[in-house]
Amino acid sequence: MRLRFAWVAAALAALGCADILGIDDGIAREGGAGDAALDVAADAPPDAPKGPCNLAAPFGAPVAIAALNTSGVEQHPRLSPDELTVTFQRQDPVMGFDLFQATRPDKASSFAVPAAIAELDTTDNEADLTISPDGLRAYFASDRAGGLGSWDIWQASRSAITDPFGAIAPVANVSSTQSDNTTYYVPGALYFTSTRGSGGADIYRAAEQTGGFAAPLLVVDLSSPAADAYPVVSTDERLVYFASNRGDAGTFQIYVSTRATASATWSTPSLVTELASFGNALPGWRAADACRLYLSSDQGGDYDMYVATKPP
């Protein structure tokens, strides 16, 4: 399976891009202070002290995560809160997309050889894995049998992070008869992309409630006539990165939006200009200190995974 979404195929046909897929997480709870500092930094002088990095500065050039990339397609890196475990999706030419995991002893080291997450694998496609911060719940997209549409959102759970995931089932109230994918979980909500509206791709939010999730609502502030997808949301829900082809270039580029509180209106999305010329770029995960953005891009041909870092 080369292209997951009809809207991706239409949007990129003129560009000749062969592969675009979905996204996800494992992100640490930052609390209000982390993103409040980020909001302040946006208006601060570039040389103002910001802690672990200069949050007012642009991201540096993305660096390939060489230990994980191959000559094929790798997408949507999602990291554990300590950044020592990464999950992502890899495309097999015959079997389609499957989910992989790799670990490293510390953030300065390279990741070890990735291994497939066998308990989530089928002969169908699996992608967009997002894991709760405690590591016990997983949400992902798949076109396997048993869902409502071509792609649906599934869940799995486990008792300890050393156990394999089990109890795999569709996420009730969330999927539709259209394509639902690029899941991203934060405590209190599940964000994802769906074509259930006008047929184009839009970002939705399903509020977490006892025993599951409420019916999803369109995130109107982030919507446009173009395709909007791949949400990466801070754990206090006050900052979001996402991919959109709303710009003049026609490629998927990374946009950012912020808001004052988790219930406020999102700001008008703005292009992350320093990443704008990096092919079709899809955000994957943001570090808790806001200094690193993991992403995937077809800048080198097939999709590979990268990390962009803000300077000290």
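Note: the structure precedes this text.
Just so it is clear, the model here is predicted, and its values are computed rather than measured. Each residue is numbered by its place in its chain's sequence as written, counting from 1. Per-residue local features are limited, in this predicted model, to residues with pLDDT of at least 70; the limit for side-chain atom pairs, both in listing and counting, is 80 or more; totals at the level of whole chains, interfaces and linings are taken over all residues. Think of the side-chain values as coming from all heavy atoms in the structure, minus any hydrogens and water.

### Regarding the overall build of the chain
Using the following cut-off: For the purposes of this entry, the term helix denotes a DSSP run of H or I that reaches at least four residues, the term strand denotes a run of E that reaches at least two, and both are numbered from the N terminus. Here, two residues are considered to be in contact whenever any of their heavy atoms come within 4.5 Å of each other. What sets the accessible areas is the Shrake-Rupley method with a 1.4 Å probe; for residues, cover comes only from the shown protein chains.
Secondary structure summary: the chain contains two helices and 21 strands in total. Considering only contacts in the chain between residues 6 or more positions apart, those separated by 24 or more positions represent 53%. Element-wise, carbon and sulfur atoms account for 57% of the exposed surface of the chain, whose accessible area totals about 12000 Å².

### Some thoughts on the pairing of strand E3 (residues 85-92)
Let me state the cut-off plainly: For the exposure calls, accessible area comes from a 1.4 Å probe over protein chains only, and a residue counts as buried if that area is under 20% of its type's maximum, exposed if over 50%, partly exposed in between. Strands qualify as paired when DSSP identifies two bridges or more between them.
Most of E3 sits out of view: six of its eight residues are buried. Where strand E2 (residues 74-79) and E3 come together, four bridges link them in antiparallel fashion. Its bridge partner being in E3, leucine 79 is matched across the sheet by valine 86. Relative to strand E4 (residues 96-103), E3 runs antiparallel, the two being bridged by eight bridges. Opposite threonine 87, over in E4, you have glutamine 101 as the bridge partner. Between E3 and E4, which pair antiparallel and follow one another directly, the connecting turn spans three residues.

### Thoughts on the state of the cysteines
Put plainly, two cysteines are in a disulfide when a covalent bond ties their sulfur atoms together. The line we're drawing: By convention in this document, the label disulfide applies to cysteine sulfur atom pairs within 2.5 Å.
Taken as a whole and judged by the stated rule, the model has one disulfide. One disulfide in the model links cysteine 53 with cysteine 291; its S-S distance is 2.1 Å. The S-S bond linking cysteine 53 to cysteine 291 shows a torsion near -95 degrees; that makes this disulfide left-handed. Residue cysteine 53 is found in the loop between helix H2 (31-41) and strand E1 (63-64), and its partner cysteine 291 is found in the loop between strand E19 (281-286) and strand E20 (292-297); the two are separated by 238 residues along the sequence.

### Quick notes on the pairing of strand E10 (residues 180-186)
Across the seven residues of E10, seven count as buried, placing the element largely inside the fold. Hairpin connection from E10 to strand E11 (residues 189-194): two residues lie between these consecutive antiparallel strands, with glycine 188 at a positive phi of about 110 degrees.

### Comments concerning the sheet that holds E4
The four strands are arranged E2-E3-E4-E5 in an open sheet whose pairing can be described as antiparallel. Of all strands in the sheet, those with a lone pairing partner are E2 and strand E5 (115-116), marking the two edges.

### A closer look at the environment of proline 164
Position of proline 164 relative to the elements: it lies in the loop between strand E8 (152-157) and strand E9 (166-170). Sequence separation between proline 164 and alanine 118 is 46 residues, and the spatial gap between their C-alpha atoms is 8.6 Å. When sequence neighbours within four positions are dropped, the list of residues in contact with proline 164 reads Glu119, Ser157 and Arg158.

### Things to note about the sheet that holds E8
Our working rule: Structural elements are reduced to axes, namely lines fitted to C-alpha atoms, with helices fitted over the stretch in contact, and the angle between N-to-C directions of any two is expressed from 0 to 180 degrees.
As summarised here, the arrangement of the four strands in space is E6-E7-E8-E9, forming an open sheet in which the pairing is antiparallel. The open sheet has two edge strands, strand E6 (126-131) and E9, and neither has a second partner. On average, adjacent strands in this sheet sit at an angle of 25 degrees to one another, irrespective of strand direction. In this structure, strand E7 (residues 137-142) lies alongside E8, joined through six bridges in antiparallel fashion. Pairing of alanine 141 across the sheet is with isoleucine 153, part of E8.

### Focus on unusual backbone geometry
Keep in mind that most residues, glycine aside, have a negative phi and that most peptide bonds are trans. Non-glycine residue asparagine 173 carries a positive phi angle of around 75 degrees. One can find asparagine 173 in the loop between E9 and E10. Positive phi, close to 45 degrees, is recorded for threonine 182, a residue that is not glycine. Judged by relative accessible area, threonine 182 falls into the buried class, the value being 0%.

### Structural notes on the pattern of salt bridges
This is how the line gets drawn: Salt bridge, as used here: a side-chain nitrogen of Lys or Arg that lies within 4 Å of a carboxyl oxygen of Asp or Glu.
Evaluation of the coordinates by the stated rule reveals 10 salt bridges. For lysine 107, the salt bridge identified is with glutamate 83, shortest N-O distance 3.9 Å. Placement of the pair is lysine 107 in the loop between E4 and E5 and glutamate 83 in the loop between E2 and E3, with a sequence separation of 24 residues. Judged by its relative accessible area of 3%, glutamate 83 is buried. The shortest N-O distance in the salt bridge between glutamate 83 and arginine 292 comes to 2.6 Å. Of the two residues, glutamate 83 is situated in the loop between E2 and E3 and arginine 292 in strand E20; the sequence distance between them amounts to 209 residues. Grouping residues by exposure puts glutamate 83 and arginine 292 together as buried. One network of salt bridges, with partners in common, ties together Glu83, Lys107, Asp289 and Arg292.

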